[in-house]
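Summary of the model geometry
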Amino acid sequence: MENVIEVKQLVKSFGNKMALKNVTFNINKGETFGFLGPSGSGKTTTIKILTSQLNHTAGEVSVFGNPLKKLKDPSYMKRIGILTDNSGLYERLTIYDNLAFFCKLYDVNEKQIDEVLESVNLLKDKNTVVQKLSKGMKQRVTLARAIIHKPDLLFLDEPTSALDPVNTKHIHDGLKKLNQQGTTIFLTTHDMQEAEDLCDRVAFLHQGEIKLLDTPQNLRLKYSDSSIKLLLKGDREVIVQKDEEGADKIYQYMKNNEVISIHSNEPTLGDIFVQLTGRALS
Ligand code: ADP
Ligand code: MG
């Protein structure tokens, strides 16, 4: 499989503080890869290094098969999109004019604007001035701007942090569509649900170190305690093991018509993170 990003033993120090310690991972072409970690774990630092906004202290980083130092030229910049919190939209221009400005910058046909606005559900608002928009809508415009040139690789630093569920959903829908069209996505988040919804694989980052890296499904299976949860009539909850004794119990409860529902007792990504680091994600 082709790697779009390869990171080996990446170290970043700020003075005597080590923000990243031997971080190693690859991102495959077409993948949505999530960096999941609490505030201060090194997520933004990683994105800044990968997008040439910050130099690293040690280790090897390559993007599209080239070492980072070769990637400062405009042709690289045209292949990537970046969404960070410093949005930098022109407040007094309309949504459309903001994007038209970026089309000129990136050599993109303005005909793309309607399509990209549709993908983040803002088409009907295209003539609204940015300063009149809610925070969530502004974030959707920022996303539209980051993807207007159909980048091969998109970096997102906590794209839905502090947004309401409706805006979050519009952003997730836009990202899924983009990923289906072939864009590789590197995303940081402290929202485990976002990671589960969007990511093919996730890395757990804690104090500058990757603690785990796998698909959300494998992580849940690996950390599941192989028990089954039964919800019974009378607001009762019973946990049984996946063995003969458990099967007998389930049989009895079902025979007595007491069972309302049966659930596998898998942990969430958030549960696993706490188990591993002793710390919650947010
Ligand atoms: P996250 O994005 O996961 O919240 P950051 O990558 O912003 O974490 O920060 C990781 C660590 O590096 C933190 O301890 C932070 O204080 C430190 N750090 C980040 N940028 C700088 C900087 N410019 N100077 C000194 N320390 C920094
Ligand atoms: Mg950050």
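Quick caveat, the model's predicted, so the values are computed rather than measured. (Residues numbered from 1 in each chain as written. Chains lettered and ligands numbered in written order. Predicted model: local features only at pLDDT ≥ 70, side-chain atom pairs only at ≥ 80, totals over all residues. Heavy atoms only, no water.)

1. Considering the overall build of the chain
Check the secondary structure of the chain and you find 10 helices and 13 strands. With the C-alpha coordinates aligned to their principal axes, the bounding extent of the chain is approximately 70 × 50 × 35 Å. Scored against the burial criterion, the 282 residues of the chain give a buried share of 46%. The contacts of the chain with a sequence gap of at least 6 include a subset with a gap of at least 24, amounting to 67%. When the accessible surface of the chain is split by element, carbon and sulfur atoms take 47% of a total near 14500 Å². Of note, the chain has its 37 positive side-chain charges centred 6 Å away from the centre of its 36 negative side-chain charges. (Helix = DSSP H or I, 4+ residues; strand = E, 2+ residues; numbered from the N terminus. Buried < 20%, exposed > 50% of the residue type's maximum accessible area, 1.4 Å probe, protein only. Contact = heavy atoms within 4.5 Å. Areas by Shrake-Rupley, 256 points an atom, 1.4 Å probe, with all protein chains shown as cover. Lys, Arg positive; Asp, Glu negative; His and termini not counted. Charge placed at Lys NZ, Arg CZ, Asp CG, Glu CD.)

2. A closer look at the packing of aromatic side chains
Considering all chains together, one arrives at 12 aromatic pairs under this definition. Ring geometry for Phe25 and Phe33: centres 5.3 Å apart, planes at 10°, overall stacked. Take Phe25: its relative accessible area is 2%, and that puts it in the buried class. Among the residues examined, Phe33 registers a relative accessible area of 0% and is labelled buried. Arranged with centres 6.3 Å apart and planes meeting at 25°, the rings of Phe102 and Tyr106 form a pair that is stacked. Taken as a pair, Phe102 and Tyr106 lie in helix 3 (residues 95-106) at a separation of four residues, close to a single helical turn. A connected cluster of aromatic rings, assembled from ring pairs, spans Phe25, Phe33, Phe35, Phe155 and Phe186. Positioned above the aromatic ring of Phe64, the side-chain terminus of Arg79 is 3.7 Å from the ring centre. (Phe/Tyr/Trp six-rings, centres within 6.5 Å; stacked < 30°, edge-to-face > 60°. Lys NZ or Arg CZ within 6 Å of the ring centre and 35° of its normal.)

3. What to know about a nonpolar patch on the surface
On the surface, Tyr90, Leu93, Phe101 and Leu105 cluster together to form a nonpolar patch covering roughly 360 Å² of accessible area. Note that Phe101 resides in helix 3. Residue class for Phe101 comes out partly exposed when judged on its relative accessible area of 36%. (Patch = residues over 30% accessible without salt bridge, like charges linked within 9 Å, V, L, I, M, F, W, Y side chains within 5 Å. Salt bridge = Lys/Arg side-chain N within 4 Å of Asp/Glu carboxyl O.)

4. Let's talk about helix 8 (residues 216-223)
Inspection of helix 8 places Pro216, Leu219 and Arg220 among the buried residues, and these make up the whole buried set. Projection of helix 8 onto a plane perpendicular to its axis shows the buried side chains occupying an angular sector of 95°, all on one side. Among the exposed residues of helix 8, those pointing more than 90 degrees away from its buried face are Gln217 and Lys222. (Arc of directions from axis to C-beta.)

5. What to know about the site of ligand 1
For ligand 1, the full set of nearby residues is Phe14, Lys17, Ala19, Pro38, Ser39, Gly40, Ser41, Gly42, Lys43, Thr44 and Thr45. Between an oxygen atom of ligand 1 and a side-chain N or O atom of Lys43, the distance comes to 2.9 Å. Contact with the protein chains removes 59% of the 560 Å² of surface that ligand 1 exposes when unbound. Listing elements by their share of the shell around ligand 1, those giving two or more residues are strand 2 (17-28) and helix 1 (43-50). Within the shell around ligand 1, the residues separate by chemical class into three nonpolar, six polar and two charged. (Near = heavy atom within 4 Å. Polar contact = N/O pair within 3.5 Å; in protein donor to acceptor, adjacent residues only side chain to side chain. Nonpolar A, V, L, I, M, F, W, Y, C, P; charged D, E, K, R; others polar.)

6. Re unusual backbone geometry
Despite not being glycine, Gln9 shows a phi value in the positive range, around 50°. Looking at where Gln9 falls in the secondary structure, it is placed in strand 1 (residues 3-14). A positive phi angle, close to 60°, is found at Asn257, a residue other than glycine. Tracing the chain through its elements places Asn257 in the loop between helix 9 (244-255) and strand 13 (259-264).

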